[in-house]
Amino acid sequence: MNEFVKIEVALADAVERLTPVSESPRLDAELLLARALDVPRSYLFAHPEDELDSAAVKRFSTTIESRTKGAPLAYITGEKEFWSMTLMVTRDTLVPRPETEILVDQVLVRIPKREAMKVLDLGTGSGAIALAIAKERPICDVTATDFSAAALAIAKENARQHSLPNIEFLLGDWLEPVAGQMFDIIATNPPYVPSEDPDLERLQHEPLTALASGADGLDAIRRIAVDATSVIKPGGSLLIEHGDEQHAAVAEILQEAGWKEIGVTNDLAGIPRVTTAVR
Ligand code: GLN
């Protein structure tokens, strides 16, 4: 890119570079340019003829370069929208996905507004699920666990930024840090991609421990299904997000672990995405 390029030219050039790697090249380019110029996105449309100085060209070009190498936009900007909240994300956390809002929906329909339930989010990552629940149900006590101290630090910072005091963060492997406690609801978006899945190539910028889980992708779910039985109140619910073709296997795992009333919710693409069960 030359120095002193016009906004519209810089954008057109970036769109061309991003088209092979992004499903939304124009949006990505606009968001990154607005960021490099420290202006709202709307400024770009109002001032297409404005020129970028060489420092801005450099800032913009560096981020476009990272994006062409496949880095998720969220890692470049350091943030991602989830449940109408802007969350900080780093390479230590999975980028929250829109389909995980379905898991949050399913948790919320199980918590009447005036009931102070105890809710557990396992493998919280950026804290997306825990924060959404804590925000919608301020009288509930939410516990969020993760075995990555780095991820937990991000989740804590997100809770602080969104002023959500009703979340406790605990470091540890799945159910270990909550031994001896009892919960009304346990929700999780665990790693569920099979370890040899070619899709992992596309997801290589995100933490593998948040994505892959054994040959069939179900190792974490098998463990959670069993271990969660000792911390769930009678009548309490377990809700698990999983992959495209895993509902039947997850239902069987839950049944074998003694869970009842197994149900499923589809994502917006009509794919079974969240399996639920009652103790
Ligand atoms: N939904 C993610 C993906 O396949 C996987 C997330 C996960 O394993 N929890 O893009």
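Preceding this paragraph is the structure being described.
To start, this report covers the structure provided alongside it. (Residues numbered from 1 in each chain as written. Predicted model: local features only at pLDDT ≥ 70, side-chain atom pairs only at ≥ 80, totals over all residues. Heavy atoms only, no water.)

What follows is about the packing of helix α1 (residues 7-18) against helix α4 (residues 54-68). α4 packs onto α1 with a crossing angle of 15 degrees between their chain directions and a minimal axis gap of 10 Å. With respect to their mutual orientation, α1 and α4 come out roughly parallel. For the pair α1 and α4, the crossing hand works out as right-handed. Between α1 and α4, the residues in contact are Ala10, Ala14, Arg17 and Leu18 and Phe60, Ser61, Ile64, Glu65, Arg67 and Thr68, respectively. Here the residues of the contact of α1 with α4 sort into five nonpolar, two polar and three charged. (Axes fitted to C-alpha atoms, helices over the stretch in contact; angles between N-to-C directions. Helix = DSSP H or I, 4+ residues; strand = E, 2+ residues; numbered from the N terminus. Parallel < 35°, antiparallel > 145°, perpendicular 65-115°, else oblique. Left-handed = near helix turned anticlockwise from the far one by under 90°. Contact = heavy atoms within 4.5 Å. Nonpolar A, V, L, I, M, F, W, Y, C, P; charged D, E, K, R; others polar.)

This paragraph deals with the packing of helix α6 (residues 100-108) against helix α7 (residues 128-136). Relative placement of two packed helices is described by the angle separating their axes and the distance separating the axes. Taken N-terminus to C-terminus, the directions of α6 and α7 make an angle of 40 degrees; their axes are 10 Å apart at the nearest point. Note that α6 runs across α7; the crossing there is right-handed. Contacts between α6 and α7 involve Thr100, Leu103, Val104, Val107 and Leu108 from the former and Ile129, Ala132, Ile133 and Glu136 from the latter. Residue composition of the contact of α6 with α7, by class: seven nonpolar, one polar and one charged.

Moving on, we get to the pairing of strand β3 (residues 118-122). Consecutive side chains along a regular strand alternate between the two faces of the sheet. Counting buried positions along β3 gives four out of five residues, so the element sits mostly inside the fold. Relative to strand β4 (residues 141-146), β3 runs parallel, the two sharing five bridges. Bridging across to β4, leucine 122 finds its partner in threonine 145. Once the chain exits β3 it traverses α7 before rejoining the sheet at β4, and the crossover so formed is right-handed. Across four bridges, β3 lies against strand β6 (residues 183-188) in parallel orientation. Bridging from a neighbouring strand, leucine 122 pairs with threonine 188 of β6. (Buried < 20%, exposed > 50% of the residue type's maximum accessible area, 1.4 Å probe, protein only. Pairing = 2+ DSSP bridges. Right-handed = clockwise from strand over helix to strand, strands pointing away.)

On the secondary structure map, isoleucine 185 appears in strand β6. Separated by 153 residues in the primary sequence, isoleucine 185 and leucine 32 place their C-alpha atoms 39 Å from one another. Those residues in contact with isoleucine 185 that sit more than four places away from it in its chain are Val107, Arg110, Ile111, Met117, Lys118, Val119, Leu120, Ile232, Ser237 and Leu239.

Read these as layout, nothing more, since geometry by itself doesn't imply function.
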